[in-house]
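Read off the chains here:
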Amino acid sequence: MAIPGNMLSSTTESVDPNTSGWISKLNCTLSLGSGGRNGDGVLTVKSVAAGEMQARTVSSYPVVPGTVYHTFADSSGSVPERIGIRWLTAANAEISITWSLTTSAASASWHRVSVAGAAPVNAARAQVLLSSTPAAGNVTHFWENGYLGLPQRTVGNLLGFNAETTEVDSSGWTAETNATVSRQAPPVTWSATAYSVGGHVIAVTATAAGNASAISAERPVVTPGTEYLAYAYLNPPTAAADTWIELRFYDTSGAQVGVSRGSLAAPGTGWYRQRVSAVAPATAATCGVAAGIGGASAGQVLRLEQTSVIVAPTARAGTVIPYRSTSFEQDAGGWAVTSGAATIARSTPWGAYGVDGSYALTVTSATATASTLRSPLFPLTPGVGLNWRSELYSQVTAGGWTAVRGIRWYDAGGTSLGLSSAASSAVPASGWWILTNDWVAPTGATQAAIEWTLTATSASSVLRLDVASLWPALPLQHVDVDDTAAAITLTLRELPIGYLITVYRTGQDGSQTLVRGPAGLLDKAVITSDLMVIEDYEAPLGVPVAYRVEIVPAAGGSIQIRTTETVTIDPGDPQEAWLKDPGQPQRNTKVLVEKAPDWSRSIERAAYRVKGRRNAVILSDVRGGQEGDLSIWTRTDDERKRLNWLLDSGNVLLWQAAPGMGVDDMYVNVGETSEGRIGGPAQEPWREWKLPLTAADMPVTVGVGGTAGRTWQDLLSEFATWADVLGSYETGEDLLFDRRRG
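Just so it is clear, the structure is predicted and the values come from calculations on it, not from any experiment. (Residues numbered from 1 in each chain as written. Predicted model: local features only at pLDDT ≥ 70, side-chain atom pairs only at ≥ 80, totals over all residues. Heavy atoms only, no water.)

Trainee: Can you break down unusual backbone geometry residue by residue, with the values?
Mentor: Omega for the peptide link from Asp 16 to Pro 17 comes to 5 degrees, which places this bond in the cis form. Within the secondary structure, Pro 17 is located in the loop between helix 1 (10-14) and strand 1 (22-26). Omega for the bond connecting Thr 348 with Pro 349 falls within 30 degrees of zero, at 0 degrees, which places this linkage in the cis form. The residue Pro 349 is located in the loop between strand 23 (343-346) and strand 24 (361-365) in this model. One non-glycine residue, Asn 145, adopts positive backbone phi at about 60 degrees. Relative to the elements of secondary structure, Asn 145 occurs in strand 11 (residues 140-149). (Helix = DSSP H or I, 4+ residues; strand = E, 2+ residues; numbered from the N terminus.)

The following block contains the structure:
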């Protein structure tokens, strides 16, 4: 799969099917190898003699001076290596090279090598350089999965690119206590698709024995009352070392007003993602991330990579349970045993148990007795009704359990309004199970706690729990009509993540048409969130339609089917029609029709006159689609600008007219257009247009343009000033879709 945003061609990126994107620059020959992860092909670089060998991209790529660019590749070899960006003038003369650090050791395993830097003032183009220095000739080094483009960073991260991955330098971090901070390049094996991790890492080295720590130099803005999640990959010096990350909050004067720590229960000395979450206090204005070692020995090193702070995710859309009490990544999340012999704790070590993240809540009972487990109190979302749904993942890892699952309700003053519970049942005995219940809140309930009465059926029983959710039980599917945009919004809830989804628009005649999503038609698309909102701008006007949703496990199995109620878009004035761009619906516009096309349908054919035969022999192809001129008016300058904006892309458009006008919905290509005045004074805004239409097939792979999770926070993290933003984007639409100049 192509790396998003890559300026390199797919052949250059994956070295498939050949090495045509690369050329020798110094002391090497190139050939095609095998065994890659981004496709089978790899670039084999073989030294001619002892000394440094370099390969470079054949092409150079346009860059904007002052903009930071990022390059990486995965490498395997018997000597350390480095990667660089070679900056060139418009005449392809070399200006300088931004080199990564040389990896600290050689590794035959695939590992990431990367660097980032700002294009020099007079740079116009750039190339990627690959370098290693063998001690003899005929030494091979392997490369694949190459990238050059804008920085690859975690979407939604409050921290900037260099604080997250330190690919430019180490200035994103500062020493805090008994430590020095540096940048290193160890050979670390990451997934081939882990694009937001790099080759450089931050190293926090203890100066002397004792606690040692470092902190991010940035202080991004936070919103009081919002829960945030911080995480980083930690590489502890020993498995027994006390390593941790902290999420800290500061007020407007810079004084610390809150802190939450997540300690790593390391199973070894590899790379482990540790998370910590907290709600920003009422006086919080900014935040920071710290990392450190408790009781370090002099010279011990903690390394960290991909440090991020994001708004905490939710396990279910609308859940009222905060992340800390949902996923148990730092502790028991406020859950407690209110009676009985059972004890609870976060599981250990990292990665042994867990559905979300790397830990789970562990319930242990030394005796075959009953205990009551209760969560903290959670404020119920006001105004959503009385129906609620709870969900917990469970896994029995020793002994056995029965459970009475329930919800305890509270009023605004914290007084219990009673317990709603289900009948006692055995907790499933193997693997992870999703246990779900529906509840009706009593009148006056404003808070709730999940409460289970657990009975161990044998001594030394152990139960793991994870991903706790409590959310309003809203309809699983719902449709809304927006007549002003001639669109229908389909909302799907409680979808199984990782399953495949197909969505059809169904007509009263039984016809089924695939609905468009962000990556094309929704035909066995992977579900990535339990909530999906689909905006269907291609639904017909004035015709009743419903939706059919098919959900199936990725590995195959039984199909779940959902259907919606029937709805109709108001077609409006029958003299008006819609012209829509399926992939860019923000450009859709309504126009006043002067005259529908007089259609023609061309056909390719050849006539052969046979001597002595009256009729010719005709050989013909199938008849082509409809062609004709659509005559329309624009009535205002705004309508004229919107129509030009729609036509500028040259994309296939959808033409929709009201029922009864003798025209079916059509996908069309628009040829050379003409715009004319209709007479009258020069100030007259009306224009007459001729749009030559040629019928086209429905676009299959075109997705509805969107931000793919990008928010204003990403803009704040990537640009220092609004002047930088204005200099990087030509239009507001370019900003929305992150289409930068150059």
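Trainee: Would you mind going over the packing of aromatic side chains in detail, with residue names and values included?
Mentor: For any pair of aromatic rings, geometry is given as the distance between the ring centres together with the angle between the planes. Tallying each qualifying case throughout the model produces 11 aromatic pairs. Pairing Phe 719 with Tyr 729 gives two aromatic rings, centres 5.9 Å apart and planes at 65 degrees, and the pair type is edge-to-face. Taken as a pair, Phe 719 in the loop between helix 5 (712-718) and helix 6 (722-728) and Tyr 729 in the loop between helix 6 and helix 7 (732-736) lie far apart in primary sequence, 10 residues in all. Tyr 729 sits in the buried class, given a relative accessible area of 4%. An aromatic cluster is defined as three or more aromatic residues linked by ring pairs; in this entry it consists of Phe 72, Tyr 147 and Tyr 195. Stacked on the ring of Phe 72, the Lys or Arg Arg 112 has its end atom at 4.7 Å from the ring centre. In this structure, Lys 580 is placed above the aromatic ring of Trp 578, and the distance from its NZ or CZ to the ring centre is 5.6 Å. (Phe/Tyr/Trp six-rings, centres within 6.5 Å; stacked < 30°, edge-to-face > 60°. Buried < 20%, exposed > 50% of the residue type's maximum accessible area, 1.4 Å probe, protein only. Lys NZ or Arg CZ within 6 Å of the ring centre and 35° of its normal.)

Trainee: Run through the nonpolar core, naming residues and quoting values.
Mentor: Ranked by size, the top nonpolar core spans 35 residues in total, and within it Val 222, Tyr 228, Leu 247, Phe 249 and Val 309 carry the most contacts. The leading source of residues in this core is strand 20 (residues 286-296), at 5 residues. The next biggest cluster of nonpolar side chains, apart from the first, holds 32 residues, and it includes Val 320, Val 363, Leu 392 and Trp 409. (Core = buried A, V, L, I, M, F, W, Y, C linked by side-chain atoms within 4.5 Å.)

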